[in-house]
Structures are given as structure tokens and as C-alpha cells.
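Examining the three-dimensional arrangement
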Amino acid sequence: MRSLVVLFVGISFVLSCDRTAPPEALDPVPEARQLKWHDLEFYAFVHFNMNTFTDMEWGTGGESPDLFNPTELDCRQWARVAKEAGMKGIILTAKHHDGFCLWPSAFTEHSVKNAPWKNGEGDVVQELADACEEYGLKLGLYLSPWDRNHADYGTDVYLEYFRNQLTELMTNYGEIFEVWFDGANGGTGWYGGANEERRVDRKTYYDWPNTRQIVRDLQPDAVMFSDAGPGVRWVGNEAGWAGETNWSMLRRDEFYPGSPNYKDLTSGHEDGTHWVPAEVDVSIRPGWYYHRSEDHKVKSVKQLVDIYYHSIGRNASFLLNFPVDQRGLIHERDVEQLMKMVEVIRNDLETDLARSVAVEADQVRGGSRTYAGPKAVDGNPETYWATDDGVLTASLTLDFGKEITFNRFLAREYIPLGQRVREFSIEVWLDGNWKEISRQTTIGSKRILRFDNVSSRKLRFTVLDARACPLISTVEVYHAPKLLEPPTMHRDKQGYVSLEAHDSGLEIYYTTDGSAPSESSEQFVESFPVKAKEEVRAIVYDPASGASSEVNSVSYDVCKDLWKVIEPDPRKDFTGQA
Ligand code: OTN
């Protein structure tokens, strides 16, 4: 018994005396406020302002405040939707390019205080701040540097006005997590009635160092967004994707809000001087603002799911915009699509099949347990597998104990010490050999790969190259269900209809007699003719699970092929009159 106690004390002593030197930070590294921001991942953008009432995307600045009159404005509905979707905050366009302010600014009459809404007593920013607090969400604000309403835009007088407004917003609405500076600025506008074009030097006009200092002083935890950060960068497109290679570093001094070299923002710079991670800003509809004509153009579940994997799954955050409507509500259709997308992602990433499985690393920093392979599958993002300094290639082999089927792989680097991995691969053990199923570049805060179902007992994750010893905090594996979205339908000019599923390994069944399609209906194998007036109804069916999608039904009219050109009667004019 005594020797057992001695052994136990001895082991505990050895463990507590792990003298392996921790890895050194590899500059640039994130600031504390950026690390907090990385944790948010998914948050909402709300474009709601004068444009909502004028059906425009960019108002001229000459609009009357009389037009701003939402009938059922409810910021609590926005917050409820965001919360239910698992979003962590909401960023509101407090002032867009047309200059109308959603708060009663003391520095202009062009605001809610002169609108009929709540008899000029309303303050949308305050209502949203209250709603965010109630729902435990963070609040962010967009303040357009460009102002097509202001008579002095382009002079120092406007710069002072802009800074006064920034000060108001940073002072009066509690904690702000992100301040958004759009790079679109300078051009034609109303400008107090001048109705002219005004260009500014985007690099120098706003005296960004001193303007940003206002945010630094009043909201030290807020990150600032723009093409040049400094806290968070634009991803270089508004279509919803970050580069497959995506470094969180940027040669920041080469950029300014609205700079022409924005294409680089999609991937960042491996030799970047500052930590400026990417944010994917994208609207759930074609426009940023609400247009009734776009009610049927809300993004499909497949599009939204792809955006999730192309943003959060590629080391970026996902800022999803809702064009709040004239009632002042997020439209029902937008809510429906959002929640469907969220359900798909929740199901996709529901059960981590790699959690606590047997893991073997071929190289471990100092041979230490602190940095051993199991740290990557312990569910704790603060612990990580690391190699010795200078070891830039190493593998982690996961043994699931039995053959399992999976189609998602997720990895994270321990980014407080910098982003390191340049290239990695994943392989599976098949028929006595390792078979590579994916070879990729960067990881960063989070990388998620999608691939077809693969069944294997073992997976090998190899860092093939890195800027310094890799620090891998997380490796996860999932078996996502098939995406059972109704099939898309297309009829060509000859009247042939083709149907398409949105995932592999699925079957499509259809009817043309108005009956409900099921797996015993006609199976779609190749395009088929629909020449007369007919309704095609179709479903996607997963033979593995027996589940099917909702029905897509399209009513076709007579095909153009059957149209006849009727000779015009020469005695009548084109209106048919004699
Ligand atoms: O017309 N535009 O100004 C425009 C068209 C397509 C894509 C982007 C823009 S503006 C662009 O917005 C970004 C945020 O989404 C950044 O703020 C850029 O600086 C700005 O130029």
C-alpha cells in the first residue's frame, strides 16, 4: 500500500513538473478584443432606414424625414429572431449614405426626431440597445462616413460633424461590440441642395487615426470594421464567401476604407503585419434594403448553408443581413429561411464523432502530456496539441475503435499564439492503406471541410507545412445528414424539364398528373418533355434514411416550341384595329 502511495505521489510530481517550454507567440497575434470577437462567429446585420421607405439602396440625401414611418417597428422581434438562430449580436445601420439618423442626433435635423414615427419622440438605436440587452445580444453600429445629405460633406466642417455623431453613438447606447465603417464614400448627392458630385480622398479625408481614436477611447472593447480594419476586415465581396486560403493577417497599412486593392482581402496575407480577420457580410436577399419585389428572392437554404461553410468554415465570421421591412419587422420569409438553415447546420454538426477517441501524434512538444494529441479531441479549445519548435510537419491519427461513416472535418488552431498552418491533409484508412480525401491550405480560428460519406476506422490529419510549430486546439468529425431540399426545376426552350438535387447520393421522383410525388412515382433519370400545360411536382428522396424533401411544384404553360406565328392581317394595324 505504501509503495502505491509513493508511486501515486511520484506520478503526480512528474506531471506537475512538466518543464516543457510553451510555444512562443508568432506575431502578429490577436488583441484581447479580437479574440472575444472570434468567439461570436455568427451575428446579424440590419439595414433599415430611409431607403426602406423609398425602395432604394442608396438614397440621395434629399429625402424628407416625413417618409420614415414604420407601422409596427419591433426591435424585440429582431432580437428574438437573432437569438433563436444562435446569433450573438446585431449591427444596425444607424446612418446610411443618405444621412438620415435613426437616433435623435443633436447635430442634425435629418433624423427620427423630425419623422412622424412616434411623433418624433422615437430612437431606434435605443430600442435596439434595450432589445439586445433583454435577449443577451451584443450591439454593433454602422455609421456611414459618406453623407449625401450634409451640406458640408467634403470639408473639415463635415468631419467634425461625423466625429460628433460617432461620439454620440459611442457614448449613449451602452457597450458596443463592433463599429462598421463602410468604404463606399464620395460621389453624387443632394448635399444640402447643391445636388452635385463631391469626391474625397478616401485615404486622408477622414483622418482615420484620430477618428478611430474616438472609438478607442469611448469603447475600448469594440472592434472596428473596414477594408483596413483595424480590428476586422471586409472579405472583399458581398456574395458570402471567404477564400479557401484565408489568413487572419494583413499588410494593413496598404489599405484604407474603400481602397482599390480589396481583392486581397479575400485571403489576407501570410506575411501580414497585423491581425485583421475577415468578416463575410452578405444579405439574405439580393439587396441590403427591403424591396417588396424581392420577397420571392430570399436566398435558398442551400445558398445559406453554403455561405455558412464558406464563412465560418473558412476562418471568417458570418454577418447575415436582414432587410427589415416597412412595418419595421424582419419579414416572415426571411425568418423561415434563416431557421431552416440553422436547423441544417445544427444537424450537420450535432455529434462530434472524434470527441475523446484514441489519438496518437507522431511528434509531441517535449514528449509532454500538456501538448499531446488527445488535447485536440478533449473538447477544450484552450488546450492544444503542439510539436517541438522547428517541427513543421506532423500527424495526428484518430482511431474510432470501429468503422464509422463521416462527411465533415473541423479543425481549429490555437490562435492566441498566431495563425500557423500553411497546408494540411486528411486521409482515411481503407483496405490496408491511407487514402487522402482532402488537401487544403489554411485553418485559423476554424476550418470545416465537407466531403462525400466515407467509412473508415481511422483518420489521419497531417500538417504538411506551417509558419512555426503547429498548435491544434480542436479536431472534430461529423456525419451530416443529406441536405433534403426540394429539387430545383428547369425547362429549356425545347420544353425539356430537368430536376436537380442539392446533395449527392439522392434520388428524385416526380409526377405530372397533379398527384403527390413519392418514392413510388416516376424516378428522374434524364430530362423529359413537358410541352403542354402541365404541373410538375417533385421530391428529393434519400434511399439511405428513407426521408424525403418537401415538394417543389411548378405549373408550366404551353412550351414555346408549340407556339405558332399567326400571319398579321395587313388590313389591321398592330393594335388589331382596322
Ligand atoms: O457599389 N458598391 O459600393 C459596392 C458594390 C459591390 C460590393 C461592395 C460595394 S461597397 C463596399 O462595401 C464593402 C462592405 O460590404 C466595403 O465597405 C467596401 O469598402 C465598399 O467599397
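Residues numbered from 1 in each chain as written. Predicted model: local features only at pLDDT ≥ 70, side-chain atom pairs only at ≥ 80, totals over all residues. Heavy atoms only, no water.

1. Brief notes about the overall build of the protein
As a reminder of what qualifies: Numbered from the N terminus, helices here are DSSP runs of H or I no shorter than four residues, and strands are runs of E no shorter than two. Per-residue accessibility, obtained with a 1.4 Å probe over protein chains only, is compared with the maximum for each type, and a residue is labelled buried under 20%, exposed over 50%, and partly exposed between these values. Working rule for contacts: check all heavy atoms of both residues, and any pair within 4.5 Å makes them a contact. In short, Shrake-Rupley with a 1.4 Å probe defines the accessible areas, and a residue's cover is counted only from the protein chains shown.
Across its full length, the protein carries nine helices and 27 strands. Dimensions of the protein along its principal axes, counting C-alpha atoms only, are 110 × 70 × 40 Å. Expressed as a percentage of the 578 residues in the protein, the buried residues total 53%. Considering only intrachain contacts with a sequence separation of at least 6, the fraction spanning at least 24 residues in the protein is 72%. Carbon and sulfur atoms make up 49% of the accessible area of the protein, which amounts to about 25800 Å² in all.

2. Description of the packing of helix H8 (residues 301-311) against helix H9 (residues 332-348)
Applicable threshold: Fitting a line to C-alpha atoms yields each axis, with helices limited to the stretch in contact; the angle taken between N-to-C directions then spans 0 to 180 degrees. Any angle that is under 35 degrees is reported as roughly parallel, and any over 145 degrees as roughly antiparallel; angles of 65 to 115 degrees are reported as roughly perpendicular and all others as oblique. Here a crossing is called left-handed whenever its near helix is offset anticlockwise from the far helix by less than a right angle, and right-handed whenever the offset is clockwise. Each residue gets one of three labels, nonpolar for Ala, Val, Leu, Ile, Met, Phe, Trp, Tyr, Cys and Pro, charged for Asp, Glu, Lys and Arg, and polar for the others, Gly among them.
Close contact between H8 and H9 brings their axes to 9 Å; oriented N to C, the two are set at 55 degrees. Judged on the interaxial angle alone, H9 and H8 are oblique. For the pair H8 and H9, the sense of crossing is right-handed. On the side of H8, the interface is formed by Val301, Leu304, Val305, Tyr308 and Tyr309, while H9 contributes Gln337, Leu338, Lys340, Met341, Val344, Ile345 and Asp348. Among the residues forming the contact of H8 with H9, the class breakdown is nine nonpolar, one polar and two charged.

3. Brief notes about the environment of phenylalanine 322
Tracing the backbone shows phenylalanine 322 in strand S12 (residues 316-323). Between the C-alpha atoms of phenylalanine 322 and lysine 340, which are 18 residues apart in sequence, the distance is 15 Å. Apart from residues no more than four positions distant in its own chain, phenylalanine 322 is found in contact with Ala44, Phe45, Val46, His47, Met87, Ile284, Ile330, Asp334 and Leu338.

4. Considerations on the side chain of aspartate 182
Test applied: The definition of a polar contact used here is a pair of N or O atoms within 3.5 Å, where within protein one atom must be able to donate a hydrogen and the other to accept one, and adjacent residues in sequence count solely through side-chain atom pairs.
Locating aspartate 182 in the fold gives a position in the loop between strand S4 (176-180) and strand S5 (187-189). At 2.8 Å, the side chain of aspartate 182 forms a polar contact with the side chain of tyrosine 142. For aspartate 182, the side chain forms a polar contact with the main-chain nitrogen of alanine 184, separated by 3.0 Å. Not counting the four nearest positions on each side in its chain, aspartate 182 is found in contact with His97, Tyr142, Pro145 and Pro257.

5. Points about the sheet that holds strand S11 (residues 278-283)
Basically, it comes down to this: Two strands form a pair only when DSSP identifies at least two bridges running between them.
If you trace the eight strands once around the closed barrel, you get S1-S2-S3-S4-S7-S8-S11-S12, paired in parallel fashion. Pairwise comparison of adjacent strand axes, ignoring direction, gives a mean angle of 25 degrees for this sheet. Pairing between S11 and S12: six bridges, direction parallel. Note that in S12 the partner of valine 280 across the bridge is phenylalanine 318. Strands in contact with H9 are strand S1 (42-47) and S12; relative to S12, the strand with the most contacts, it is inclined by about 155 degrees.

6. Concerning the sheet that holds strand S20 (residues 488-491)
Strand order in this open sheet of three strands is S20-S21-S24, and the pairing throughout is antiparallel. Strand pairing shows two members of the sheet lacking a second neighbour, S20 and strand S24 (528-529), which therefore form its edges.

7. Here we look at the site of the ligand
Short version of the rule: Nearness of a residue to a molecule or strand requires only that one of the residue's heavy atoms be within 4 Å of it.
By nearness alone, every residue bordering the ligand is listed as Trp58, Trp180, Asp182, Gly183, Ala184, Asp227, Trp234, Glu238, Gly258 and Asp281. At 3.2 Å from an oxygen atom of the ligand is found a side-chain nitrogen or oxygen belonging to tryptophan 234.

8. Observations concerning the packing of helix H4 (residues 75-84) against helix H5 (residues 124-135)
Interhelical geometry of H4 versus H5 gives an angle of 40 degrees and a closest axis separation of 8 Å. Our classification of the angle between H4 and H5 gives oblique. For the crossing formed where H4 meets H5, the hand is right-handed. Across from Cys75, Arg76, Trp78, Ala79, Arg80 and Lys83 in H4, the residues of H5 making contact are Val124, Glu127, Leu128, Ala131, Glu134 and Tyr135. Across the contact of H4 with H5, the residue classes tally to seven nonpolar, no polar and five charged.

9. Focus: the nonpolar core
Rule in force here: Definition used in this section: a nonpolar core is a set of buried Ala, Val, Leu, Ile, Met, Phe, Trp, Tyr and Cys residues joined via side-chain atoms within 4.5 Å.
Grouped together as the largest cluster of nonpolar side chains are 88 residues, with contacts concentrated most on Phe68, Trp78, Ile90, Val124, Tyr206, Leu320 and Leu338. Leave out the neighbours within four places in its chain, and isoleucine 90 touches Ala44, Val46, Trp78, Ala79, Ala82, Leu128, Cys132, Leu137, Lys138, Leu139, Gly140 and Phe177. Counting residues in hydrophobic clusters, the runner-up holds 39 residues, among them Trp385, Phe400, Leu449 and Cys469.

10. What to know about the confidence of the model for the protein
Inclusion rule: The quantity known as pLDDT measures the predictor's confidence residue by residue, on a range of 0 to 100.
Residues with a pLDDT of 70 or more make up 95% of the protein, whose mean pLDDT is 95. Every residue in residues 4-14 scores below 50 in pLDDT, and together they form zero contacts with partners more than four places removed in sequence or on other chains.

11. Thoughts on the side chain of aspartate 281
Operational definition: Neither His nor the chain ends contribute to the count of charged residues, in which Lys and Arg are positive and Asp and Glu negative. One side-chain nitrogen of Lys or Arg within 4 Å of one carboxyl oxygen of Asp or Glu is enough to make a salt bridge.
When you line up the elements, aspartate 281 lands in strand S11. Of the side chains with opposite charge, arginine 233 lies nearest to the buried aspartate 281, which makes no salt bridge, at 11 Å.

12. What to know about the packing of aromatic side chains
What counts here: The pairing test for Phe, Tyr and Trp rings, Trp by its six-membered ring, is centres within 6.5 Å, and the orientation test on the planes gives stacked under 30 degrees, edge-to-face over 60, and tilted for anything in between.
In total, this model carries 37 aromatic pairs according to the counting rule given. Each ring, one from tryptophan 58 and one from tryptophan 146, has its centre 5.4 Å from the other, and the planes form 90 degrees; the classification is edge-to-face. With tryptophan 58 in the loop between helix H3 (50-54) and H4 and tryptophan 146 in the loop between strand S3 (138-143) and helix H6 (156-172), this pair connects stretches of sequence that are 88 residues apart. Residue classification places tryptophan 58 among the partly exposed positions, given a relative accessible area of 43%. Residue class for tryptophan 146 comes out buried when judged on its relative accessible area of 2%.

13. A word on helix H7 (residues 208-218)
Counted only if it meets this: Read the arc as the range of directions from the helix axis to the C-beta atoms.
Listed as buried for H7 are Trp208, Thr211, Arg212, Ile214 and Val215. The buried residues of H7 occupy an angular sector of 135 degrees when the element is viewed end-on, so they sit on one face. Structural note: H7 exposes Pro209 and Asp217 on the side pointing more than 90 degrees away from its buried face. The inward-facing, buried residues of H7 contact H6, S4 and strand S7 (223-226).

14. Some details on the pattern of salt bridges
Opposite charge on two side chains permits them to pair, given that their charged atoms come into close proximity. For the structure on display, the rule yields 32 salt bridges. Between glutamate 41 and lysine 446 there is a salt bridge; the shortest N-O distance is 2.8 Å. You can see glutamate 41 sitting in the loop between helix H2 (32-40) and S1 and its partner lysine 446 sitting in the loop between strand S17 (433-440) and strand S18 (447-466), a full 405 residues away along the chain. Residue glutamate 41 is classed as buried on the basis of its relative accessible area of 18%. Of the charged contacts in the structure, one is a salt bridge between lysine 340 and glutamate 550, with a shortest N-O distance of 4.0 Å. You can see lysine 340 sitting in helix H9 and its partner glutamate 550 sitting in the loop between strand S26 (547-548) and strand S27 (552-556), a full 210 residues away along the chain. Of the residues examined, lysine 340 reaches a relative accessible area of 27% and is grouped as partly exposed. Classification of glutamate 550 by relative accessible area gives exposed; the value is 53%. One salt-bridge network, held together by shared partners, links Arg333, Glu336, Lys340 and Glu550.

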